[in-house]
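Here are the chains, one letter per residue:
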Amino acid sequence: MTANIDNAGAPIAAGTTDSVAPVSGATDHRTGPWHDPALTPEARADALIAAMTLQEKISQLVGVWVGASDEGGEVAPFQHDMEEAVALDDLLPHGLGQLTRPFGTAPVDPAVGALSLSRTQERIAGANRFGIPALAHEECLAGFATWGATAYPVPLSWGATFHPELVREMAAAIGRDMRSVGVHQGLAPVLDVVRDARWGRVEETIGEDPYLVGTVATAYVRGLESAGVVATLKHFAGYSASRAGRNLAPVGMGARERADIILPPFEMAVRESGVRSVMHAYTDTDGIPSAADGQLLTGLLRDTWGFEGTVVADYFGIAFLKTLHGVAGTFGDAAGAALGAGVDVELPTVKTFGGPLADAIAEGLVPEALVDRAVRRVLVQKAQLGLLDAEWRPTPAVLTGVAGAGGDSEALRGSVRLDTDENRALARRVAEQAVVLLRNDGTLPLAADAGAPARIALVGPNADTPTAVLGCYAFPVHVGGQHPDTPLGIELPTLREACAAEFRHSEIVTAPGADIDGPDTGGFGEAVELARGADLVIVALGDRAGLFGRGTSGEGCDAESLALPGVQQRLLDALLDTGTPVVVTLLAGRPYALGRAVDEAAAIVQSFFPGEEGTTAIASVLSGRTAPSGRLPVGVPRHPGSQPSTYLAARLGHSSDVSSVDPTPAFGFGHGLTYTAFEWSDLVVERGRASTEGDFTLSCTVRNTGARAGVEVVQVYLHDPVASVVQPVQRLIGYVRLDLDPGRVARVCMTVPADLASFTGREGHRIVEPGDLELRLSASSTDTRLTARVTLTGPVRTVDHTRRLHMDIATQILTDAP
């Protein structure tokens, strides 16, 4: 048995190729200019295309869903109930574009899985005339989705940090783990902007504001790509705007909402991150499915924004053009529509881009030039990854030079760790900075020493559930649930265990009280009795992640309302009735209305599936060992039936006297309390008038006036009182985190370009209009601290994708206020 190996050591730079260590029995395919790394990737791809048959080119445009062997043998095709079985022996002589989720389909030891993948890659390269291996992809929405890998907080928690650099660091760690075992592409991040919190996939999003989504997602892409892993933007575009929050339902938004809310995060990531892949959305918008939308996938993405990477299908999405959307009569028609629109690769497995596409070309229904266009993009990317190099070998980094890598799977088992101490420490940092303190009457922080409450009643369905911290794409939930006899693969301390470790001087008594979504109230009596006999109640509520109705949050787990699932609200009310102080703790995938607790709870602590270190992070916030610094990436509703609603509503979307439905949130976007106090002052507008192509400059002072260190997040919102088309009352255009010790002062200087006031006008073009504006310096969307009134002058100006996307923010930390 070899010693443990922690990942692959040092970070892998973008463009890093697979290992070139020799492998016994590898077939030599070193002739042809396509193998020459001295040529450009484009020249190599062109030479290869000229030498390929049509079938060989088509084979590069498909994936096969496989699972790595836990005995170290070659991967085996995964049989999905939507597809016919795939015969690798028939397919591989022509080549293969991608391997779908070799590590994420079934539990497999990481080292043995790497051996299985390398053997399969050797077979793939040896079976086709040109020695081309497949590109392997995996999910990585909250960490590398494989057995034994670190489970990080879900993307909604990334948004809650308001800390793109921390997210970039996390993504780089995820990418290094993936690349070390032979994975080339990650299917993340999700850039969908929340439009209706009832949608089950809210946990996978970064939030309800396009600027926050764009900045955090762009940072994630940079981190993943820095490790040599191809990041994939999804779901392009509008998936989150489905009617009534139902998964895969039609999208009915107009062109202006799409342009100003849905598309900006994708545009930012394409322009700034170096992303190399985009995944189309499942949905149709106003009757046009994204998979067949050439104006979106080619006209906007490539011709306007200049994207040069690959567009991959969401799983089975091309076949859905026939089976769900009804815009294709045959699978050949579906293949032609997607290929013509700009989809390059069919995932997860060969279906429409196989025989149906070949037949459609033979019948003259689809031009072969479309195949050439797509395969060129695929081969350019493979050349960039080193997969066309003559010296390419399949051995991944973790197996290079390792005893047993030649074939002894038992000698390898347990030798590779994908959940290192460094990873866990990083996961804990992200989780800590994502915890949001919504309400506090002074009960928190609790003393963790001898002054702690003598008896704490920790109740609720998430009080003692290990997987309560995981989202639906975390491996133990996504796949592990189908393998109940397999260990989780990572340590998942429950909230009970974390609180017992944090509050060693307290007696902690526990009862579930109720299930997450069951109707049974029979456990209320025990929970209430414990609460009455305790000095403090911590009630752990929220969600159970799952897929397609097997959870209360996750893909296909949409909600009819934003009431807490099951009888949790009734349990919460019963606990409030005891008179014992109640601290509400939420481990959830979406925001929920909390009823009386908004006004009556001693404190409310919100977390969004905070990952494997999440309960430790929550306990440390409860004790005050960690100062809360998270901010809401989505508003928390006051009433469960007020959806769809976000803070980005126009005036008529807010509370009014002409509707009995009040969408005003209990806690607005950007809200989050701390254990200290901050004073905002000394607003100075150095330049308050500017032309429609100029910029404003202003500054303010933020002082920590409390007794302990804390984080304030300065959020800048733009309010346009009069515009030629209806605008949101306000929208976020910039933010900065300030970490200040007691008494310390920060001077924040901002330069705000007029481009940030642009919107889509009546003619469909993005414009900047002259007129008066307000720049609101705020602690949240509902808490404006300082307001700068400024004016744009000059003519209406049309802007495009080259406009400025960010304000410049500079901070200076001072000892005393100036």
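So, how was this worked out
- Residues numbered from 1 in each chain as written.
- Predicted model: local features only at pLDDT ≥ 70, side-chain atom pairs only at ≥ 80, totals over all residues.
- Heavy atoms only, no water.
- Buried < 20%, exposed > 50% of the residue type's maximum accessible area, 1.4 Å probe, protein only.
- Helix = DSSP H or I, 4+ residues; strand = E, 2+ residues; numbered from the N terminus.
- Pairing = 2+ DSSP bridges.
- Right-handed = clockwise from strand over helix to strand, strands pointing away.
- Phe/Tyr/Trp six-rings, centres within 6.5 Å; stacked < 30°, edge-to-face > 60°.
- Lys NZ or Arg CZ within 6 Å of the ring centre and 35° of its normal.
- Core = buried A, V, L, I, M, F, W, Y, C linked by side-chain atoms within 4.5 Å.
- Contact = heavy atoms within 4.5 Å.
- Axes fitted to C-alpha atoms, helices over the stretch in contact; angles between N-to-C directions.
- Parallel < 35°, antiparallel > 145°, perpendicular 65-115°, else oblique.
- Left-handed = near helix turned anticlockwise from the far one by under 90°.
- Nonpolar A, V, L, I, M, F, W, Y, C, P; charged D, E, K, R; others polar.
- Disulfide = S-S within 2.5 Å.
- pLDDT = per-residue confidence, 0-100.
- Polar contact = N/O pair within 3.5 Å; in protein donor to acceptor, adjacent residues only side chain to side chain.

## Some points on the pairing of strand 5 (residues 135-138)
Here is step 1: The two faces of strand 5 match: Leu135 and His137 on one face and Ala136 and Glu138 on the other face are all buried.
Here is step 2: Two strands pair when backbone bridges link them, and strand 4 (residues 98-100) and strand 5 are joined in this way by three bridges, in the parallel orientation. Bridge pairing in strand 5 places Gln98 opposite Leu135.
Here is step 3: Taken together, strand 4, helix 4 (residues 110-127) and strand 5 constitute a β-α-β crossover, and its handedness is right-handed.
Here is step 4: Looking at chain direction, strand 5 and strand 6 (residues 185-186) are connected through two bridges and run parallel. Bridge pairing links Glu138 to Gly186 in strand 6.

## Concerning the packing of aromatic side chains
Here is step 1: Under the definition given, this model contains 15 aromatic pairs.
Here is step 2: Plain terms: the ring middles of Phe103 and Phe144 are 5.8 Å apart, the flat faces sit at 65 degrees to each other, and that makes the pair edge-to-face. Here the residue Phe103 occupies a position in the loop between strand 4 and helix 4, and Phe144 occupies one in the loop between strand 5 and helix 5 (155-161), the gap between them amounting to 41 residues.
Here is step 3: You can call Phe103 buried: its relative accessible area is 0%.
Here is step 4: Relative to Tyr282, the ring of Tyr239 has its centre 5.9 Å away and its plane inclined at 80 degrees; by these criteria the two rings are edge-to-face. Taken together, the residues Tyr239 in the loop between strand 7 (230-236) and helix 8 (255-262) and Tyr282 in the loop between strand 8 (277-280) and strand 9 (284-285) connect sequence positions 43 residues apart.
Here is step 5: A relative accessible area of 9% means that Tyr282 is categorised as buried.
Here is step 6: Within the aromatic cluster, the residues linked to one another by ring pairs are Phe162, Tyr211, Tyr647, Phe669, Tyr717 and Tyr735.
Here is step 7: Above the plane of the ring of Phe331 lies Lys322, whose end atom (NZ or CZ) is 5.0 Å from the centre.

## Notes on the nonpolar core
Here is step 1: In terms of nonpolar packing, the biggest core is built from 218 residues, with Tyr220, Phe236 and Val584 touching the most fellow members.
Here is step 2: Discounting chain neighbours no more than four positions away, the residues touching Phe236 are Leu263, Phe266, Val278, Met279, His280, Ala281, Ser290, Leu296, Leu297, Leu300, Leu301 and Trp305.
Here is step 3: Residues Ala690, Val716, Leu740 and Val768 belong to the second largest nonpolar core, which totals 32 residues.

## Some words on the packing of helix 16 (residues 421-434) against helix 22 (residues 614-623)
Here is step 1: In contact at an axis separation of 8 Å, helix 16 and helix 22 are set at 50 degrees when each is read in the N-to-C sense. Of the possible angle classes, the one that applies to helix 16 and helix 22 is oblique. Remark: the crossing between helix 16 and helix 22 carries right-handed chirality. Together, Arg428, Ala431 and Glu432 of helix 16 and Gly614, Thr616, Ala617 and Ser620 of helix 22 make up the contact between the two elements.
Here is step 2: Looking at the contact of helix 16 with helix 22, its residues break down into two nonpolar, three polar and two charged.

## Re the state of the cysteines
Here is step 1: Tallied over the entire structure, the rule returns zero disulfides.
Here is step 2: With no disulfide of its own, Cys557 has Cys472 as its nearest cysteine by sulfur position, at a separation of 7.2 Å.
Here is step 3: Here Cys557 falls in the buried class, since its relative accessible area comes to 3%.
Here is step 4: A disulfide-free cysteine, Cys749 has its sulfur positioned 8.5 Å from the sulfur of Cys700, the nearest such atom.
Here is step 5: Given the relative accessible area of 37%, Cys749 is considered partly exposed.

## Thoughts on the sheet that holds strand 24 (residues 710-719)
Here is step 1: In space, the five strands of this open sheet follow the order 22-30-29-24-25, with mixed pairing throughout. Edge positions in the sheet fall to strand 22 (689-691) and strand 25 (731-740), since each of these pairs with one other strand and no more. When strand polarity is set aside, the average angle formed by the axes of neighbouring strands in this sheet is 25 degrees.
Here is step 2: Bridging between strand 22 and strand 30 (residues 783-793) involves three bridges; their strand directions are parallel. Following the sheet pairing, Arg689 is matched in strand 30 by Thr791.

## Quick word on the sheet that holds strand 6
Here is step 1: Pairing within the open sheet is mixed, and its eight strands lie in the order 3-2-4-5-6-7-8-11. Pairing within the sheet leaves two strands with one partner each, and these edge strands are strand 3 (76-77) and strand 11 (310-312).

## Some thoughts on the confidence of the model for the chain
Here is step 1: When pLDDT is averaged along the chain, the result is 93, and 95% of the positions lie at 70 or above.
Here is step 2: The low-confidence segment residues 1-17 (pLDDT under 50) makes 50 contacts with residues lying over four places distant or belonging to another chain.
Here is step 3: Low pLDDT (under 50) marks residues 19-29, which in the prediction has 28 contacts with non-local residues, meaning those over four places away or in another chain.

## Considering unusual backbone geometry
Here is step 1: Here the amide bond leading from Leu347 into Pro348 is cis, since omega sits at 5 degrees, within 30 degrees of zero.
Here is step 2: Among the structural elements, Pro348 can be located in the loop between helix 12 (331-341) and helix 13 (355-362).
Here is step 3: Residue Pro445 is reached from Leu444 by a cis peptide bond, and omega for that bond is 0 degrees.
Here is step 4: One non-glycine residue, Asp286, adopts positive backbone phi at about 50 degrees.

## Quick look at the pairing of strand 7
Here is step 1: Strand 7 sits mainly inside the fold: seven of its seven residues count as buried.
Here is step 2: One ladder, built from two bridges, connects strand 6 with strand 7; its direction is parallel. Residue Gly186 lies in a different strand from strand 7, and its bridge partner there is Ala231.
Here is step 3: Across three bridges, strand 7 lies against strand 8 in parallel orientation. In the strand pairing of strand 8, Thr232 is matched with Ser277.

## Some words on helix 12
Here is step 1: Along helix 12, the residues classified as buried are Gly332, Ala334, Ala335, Gly336, Ala338, Leu339 and Ala341.
Here is step 2: With a side-chain oxygen lying 3.3 Å from the backbone nitrogen of Gly332, the N-terminal cap of helix 12 falls on Thr330.
Here is step 3: In the stretch just after helix 12, Gly342 is the one whose phi turns positive, near 130 degrees.

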